[in-house]
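# A look at the structure
The primary structure of each chain is shown beneath.
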Number of protein chains: 2
Amino acid sequence: MRERPYKHALDLLQRAGLRPTKQRLALARFLFDGHDRHVTAEQLHARALEDRVSVSLATVYNTLHQFTRAGLLREVVVDANRSYFDTNTSEHHHFFHEKTGELQDIRDVVVANLPQPPAGARIARVDVVVRLDDTDESGDVVTHSGPADRADI
Amino acid sequence: MRERPYKHALDLLQRAGLRPTKQRLALARFLFDGHDRHVTAEQLHARALEDRVSVSLATVYNTLHQFTRAGLLREVVVDANRSYFDTNTSEHHHFFHEKTGELQDIRDVVVANLPQPPAGARIARVDVVVRLDDTDESGDVVTHSGPADRADI
DNA sequence: TCAACAGTTTAGAATCGTTCTAAAGAAACC
DNA sequence: GGTTTCTTTAGAACGATTCTAAACTGTTGA
């Protein structure tokens, strides 16, 4: 994961059949540095500008969609107001912290007893979103024995 | 479920502490007629106009949110482009037909092995969205023995 | 090397769903 | 009825996203 970022990003672009432009390279280098990330277009744009990479918001959107089509990213729908893109494209699910808008990958969730899809349809994907609240406005400490062990719903 | 729609709607509004205006009554009568419905604001608005109930889109939005706050509806986030409101407020999950934008309730899904939420957070809700594709552009018949039985993911 | 084409970026306009605003209208209360 | 409070509404405003058309850049091949 600590590999030569330029080379790695270049590689990904080439495999996706995308010309390695300055903008795409910069975005890819940031997105695919080995961390699992959940970014919105605005966040990624801001980040690029911080790094003094001049790129327009339109290009950020284009690039995110191209990367998604290429299977490098996965779009996560959790919030009606913004789209998140996840650099982790393997099977997994999410905690979504409603207050902060933060997403967090969770693994090993088991979904069972799904009904058969209607005729003519096929399951494309199963998404589990666990929405999180703050425990308590009073600032109480969380005793780690609480509820939330009743994993079934 | 076949009860006097006026009375039932009136009742719901009263219990929710909302003045029974013409608009709210009309929307409530349609929404809570005993069927499970998944509506967008636009759809509900169009439907009201068909029924010759004059109501503005702003009021439809207001009303949907008021009903949601009152626990009469549940907002479902499945599509980045529109909000759905579900008249079924009990524990259940959804099939989402990506092509048509249709939602369908599914019951009895089991979600297990959820990790503990991070300290300070509490699970507010678990949403399972099963995204559906068309089986096949060639129009093949679905043999009901196919995949989609491997319910775990 | 360079022309020429195809793919890319961009600013800004446009779009779309949704929310806001301020004023007019209706329900509730005395 | 008069007054207060809640509702509705048209239209403006908004924020995220997409589109447009023109400028730009990578690539290819002579």
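It should be emphasised that the depicted structure is a prediction, and the values quoted were computed from it without experimental measurement.

The next thing to look at is the packing of aromatic side chains. Each aromatic ring pair is described using two quantities: the centre-to-centre distance and the angle formed by the ring planes. Considering all chains together, one arrives at 4 aromatic pairs over all chains under this definition. Measuring from centroid to centroid gives 6.2 Å for A:Tyr84 and A:Phe96, while their planes differ by 75 degrees, and the two rings are edge-to-face. In this pair, A:Tyr84 sits in strand β3 (residues 82–86) while A:Phe96 sits in strand β4 (residues 93–97), placing the two residues 12 residues apart along the sequence. Residue A:Tyr84 shares its accessibility class with A:Phe96, and that shared class is buried. Ring geometry for B:Phe32 and B:Phe67: centres 5.6 Å apart, planes at 45 degrees, overall tilted. On the criterion of sequence distance, the pair formed by B:Phe32 in the loop between α2 (22–31) and β1 (38–39) and B:Phe67 in helix α4 (residues 57–69) is long-range, its members being 35 residues apart. Judged by its relative accessible area of 13%, B:Phe32 is buried. Using a relative accessible area of 0% as the deciding quantity, one classes B:Phe67 as buried.

Glancing now at the protein's contact with DNA strand D. Neighbouring DNA strand D are 20 residues, the closest being A:Tyr61, A:His65, B:Thr21, B:Arg24 and B:Thr59. For DNA strand D, the fraction of atoms within 4 Å of the protein that belong to sugar or phosphate moieties is 81%. At a separation of 3.0 Å, a sugar or linking oxygen of DNA strand D approaches a polar side-chain atom of B:Arg19. A distance of 2.9 Å is found between a phosphate oxygen of DNA strand D and a backbone nitrogen or oxygen belonging to B:Ser56. Sorting the residues of the surface near DNA strand D by element identifies α4 (57–69) and β3 of chain A together with α2 and α4 of chain B as the ones contributing at least two each.

The buried fraction of α2(B) is high, at 7 of 10 residues. Within the span of α2(B), buried status applies to B:Arg24, B:Leu25, B:Ala26, B:Leu27, B:Ala28, B:Phe30 and B:Leu31.

Below, the discussion takes up the side chain of A:Arg74. All names here are of chain A. Following the sequence through the fold, Arg74 ends up in strand β2 (residues 74–79). A polar atom in the side chain of Arg74 sits 3.2 Å from the backbone oxygen of Ser90. The residues touching Arg74, leaving out its near neighbours within four places in the chain, are Tyr84, Phe85, Asp86, Asn88, Thr89, Ser90, Glu91, His92, Arg125 and Asp127.

With that settled, the discussion passes to the packing of α2(B) against helix α3 (residues 41–50) of chain B. All names here are of chain B. The contact between α2 and α3 brings their axes to 11 Å, and the two run at 105 degrees. In this view, α2 runs roughly perpendicular relative to α3, as classed from their interaxial angle. Within the contact between the two elements, α2 uses Leu27, Phe30 and Leu31 and α3 uses Leu44, Arg47 and Ala48.

What follows covers the protein's contact with DNA strand C. Taken together, 19 residues surround DNA strand C, and among them A:Thr21, A:Gln23, A:Arg24, A:Thr59 and B:Tyr61 come closest. In DNA strand C, the atoms that sit within 4 Å of the protein are 81% sugar and phosphate, with bases accounting for the remainder. Between DNA strand C and A:Ser56, the relevant distance is 2.8 Å, taken from a phosphate oxygen to a main-chain nitrogen or oxygen of the residue. Within the contact set of DNA strand C, a phosphate oxygen lies 2.8 Å away from a side-chain nitrogen or oxygen of A:Thr59. Those elements that place two or more of their residues in the surface near DNA strand C are α2 (22–31) and α4 of chain A together with α4 and β3 (82–86) of chain B. With 4 residues, the single largest contributor to the surface near DNA strand C is α4(B). Residue composition of the surface near DNA strand C, by class: 6 nonpolar, 9 polar and 4 charged.

Glancing now at the sheet that holds strand β7 (residues 121–134) of chain B. The sheet built from 6 strands is open, its strands ordered β5(A)-β4(A)-β7(A)-β7(B)-β4(B)-β5(B) with mixed pairing. Across the chains shown, the open sheet's two edge strands, defined by having one partner strand only, are β5 (102–106) of chain A together with β5 (102–106) of chain B. Across the sheet, the axes of successive neighbouring strands diverge by a mean angle of 25 degrees, strand direction being ignored. Of the strand pairs in this sheet, strand β4 (residues 93–97) of chain B and β7(B) are connected by 4 bridges, and their pairing is parallel.

This part takes up the confidence of the model for chain A. The predicted model of chain A has a mean per-residue pLDDT of 87, with 85% of residues at 70 or higher. The model gives residues 139–153 of chain A a pLDDT under 50, and that stretch makes 21 contacts with residues more than four places away or in other chains.

Let us look at the sheet that holds β2(A). Whenever strands of a sheet pair, they do so through backbone hydrogen bonds, lying parallel or antiparallel. Residues and elements named next belong to chain A. Overall, antiparallel pairing links the 3 strands, which are arranged β1-β3-β2 in an open sheet. Two strands lie at the open edges of the sheet, namely β1 (38–39) and β2, each paired on one side alone. Bridge count between β2 and β3: 4 bridges; the pairing is antiparallel. Paired with Asp79 across the bridge in β3 is Arg82.

Conventions used here
- Residues numbered from 1 in each chain as written.
- Chains lettered and ligands numbered in written order.
- Predicted model: local features only at pLDDT ≥ 70, side-chain atom pairs only at ≥ 80, totals over all residues.
- Heavy atoms only, no water.
- Phe/Tyr/Trp six-rings, centres within 6.5 Å; stacked < 30°, edge-to-face > 60°.
- Helix = DSSP H or I, 4+ residues; strand = E, 2+ residues; numbered from the N terminus.
- Buried < 20%, exposed > 50% of the residue type's maximum accessible area, 1.4 Å probe, protein only.
- Near = heavy atom within 4 Å.
- Polar contact = N/O pair within 3.5 Å; in protein donor to acceptor, adjacent residues only side chain to side chain.
- Contact = heavy atoms within 4.5 Å.
- Axes fitted to C-alpha atoms, helices over the stretch in contact; angles between N-to-C directions.
- Parallel < 35°, antiparallel > 145°, perpendicular 65-115°, else oblique.
- Nonpolar A, V, L, I, M, F, W, Y, C, P; charged D, E, K, R; others polar.
- Pairing = 2+ DSSP bridges.
- pLDDT = per-residue confidence, 0-100.

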